[in-house]
Amino acid sequence: ELKVEQNPLFLSMQEGKNYTIYCNYSTTSDRLYWYRQDPGKSLESLFVLLSNGAVKQEGRLMASLDTKARLSTLHITAAVHDLSATYFCAVARTWGGSNYKLTFGKGTLLTVNP
Amino acid sequence: DAGITQSPRHKVTETGTPVTLRCHQTENHRYMYWYRQDPGHGLRLIHYSYGVKDTDKGEVSDGYSVSRSKTEDFLLTLESATSSQTSVYFCAISTETNEKLFFGSGTQLSVL
């Protein structure tokens, strides 16, 4: 059974600071997703990491994947209030040929304070 | 949004009643999913579909059934709703290459 663990589950940051959210998973996978969810809203896709060593950046967020360590990180640089949200990682397993099923972590609630 | 509509957006029902949630897509994607979201659990897969009349169970399928008679519609049915099924339900669709999984706006279901 695939297990996905995120930490921390709660993160309170000051604006301008840097921090990292970690996503560990228990079985082999070559595909990992990061999503953002605002309160009462749906999930918004941030990154899809497709191979070992993959790194993607968008604005103040940067995601990386180490498949050997079964670890992905979401790094936040110089946080701003607009980044306050819940962030989920999801790990994919293949099924039915080319399709994937996603197992989600429990999410990290990020609060950025002035 | 990626052309996904969930209905209803909110529903309150009583224990023991049947409930059907609908997911409609305009993207013609083959793969569709139902997830539930609960505090402290993240999102958990209930059922998924890989084509018309092709469905399978996810990790929390007990008490739920699904049907997909057309590419664009994926229905989730609670045959006899229980309070433990109070949750937010999300439908999702994915492209053939699975580069992205797109989520609907969610249905807030309360079972009293």
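Look a little higher up for the structure.
This section reports on the structure supplied with the text. Every value quoted in this text rests on a predicted model; they were computed, and no experiment measured them.

Moving on: the pairing of strand β11 (residues 107-111) of chain B. Residue and element names in this part refer to chain B. Burial along β11 is one-sided: the face carrying Thr107, Leu109 and Val111 is buried and the face carrying Gln108 and Ser110 is not. Pairing analysis gives 4 bridges linking strand β2 (residues 10-13) to β11, with the strands arranged parallel. Bridge pairing in β11 links His10 to Gln108. Here strand β9 (residues 87-94) pairs with β11 via 3 bridges, running antiparallel. Bridging across to β11, Tyr89 finds its partner in Thr107.

Another aspect to go through is the interface of chain B and chain A. Contacts between the two partners involve 23 residues from chain B, matched on the other side by 20 residues from chain A. Between chain B and chain A, a total of about 1,800 Å² is buried, with carbon and sulfur atoms accounting for 51% of that surface. Taken together, the links from chain B to chain A amount to 0 salt bridges. At the boundary of chain B with chain A, the tally comes to 4 residue pairs in polar contact (both at pLDDT 80 or more). Where the side of chain B that touches chain A is concerned, the elements lending two or more residues are β4 (31-38), β5 (42-51), β9 and β10 (101-103) of chain B. Residue classes in the side of chain B that touches chain A are distributed as 10 nonpolar, 10 polar and 3 charged.

What follows covers the pattern of salt bridges. All names here are of chain B. For the structure on display, the rule yields 6 salt bridges over all chains. In this structure, Asp38 and Arg44 form a salt bridge, with 2.9 Å as the shortest nitrogen-oxygen distance. Taking relative accessible area as the criterion, Asp38 reaches 10% and is therefore assigned buried. Overlapping salt bridges bring together Arg22, Lys70 and Asp73 as one network.

Residue and element names in this part refer to chain A. As summarised here, the arrangement of the 5 strands in space is β1-β3-β8-β7-β6, forming an open sheet in which the pairing is antiparallel. Because the sheet does not close on itself, it has two edges, and the strands there are β1 (4-7) and β6 (55-58). Sheet twist, expressed as the mean angle between neighbouring strand axes with direction ignored, is 15 degrees. Of the strand pairs in this sheet, β6 and strand β7 (residues 61-66) are connected by 4 bridges, and their pairing is antiparallel. When the sheet's bridge partners are listed, Val55 is paired in β7 with Ser64.

Thresholds, definitions, all that
Residues numbered from 1 in each chain as written. Chains lettered and ligands numbered in written order. Predicted model: local features only at pLDDT ≥ 70, side-chain atom pairs only at ≥ 80, totals over all residues. Heavy atoms only, no water. Buried < 20%, exposed > 50% of the residue type's maximum accessible area, 1.4 Å probe, protein only. Helix = DSSP H or I, 4+ residues; strand = E, 2+ residues; numbered from the N terminus. Pairing = 2+ DSSP bridges. Contact = heavy atoms within 4.5 Å. Buried area = accessible area lost by both parts, 1.4 Å probe. Salt bridge = Lys/Arg side-chain N within 4 Å of Asp/Glu carboxyl O. Polar contact = N/O pair within 3.5 Å; in protein donor to acceptor, adjacent residues only side chain to side chain. Nonpolar A, V, L, I, M, F, W, Y, C, P; charged D, E, K, R; others polar. Axes fitted to C-alpha atoms, helices over the stretch in contact; angles between N-to-C directions.

That's the geometry; what it means functionally is another story.
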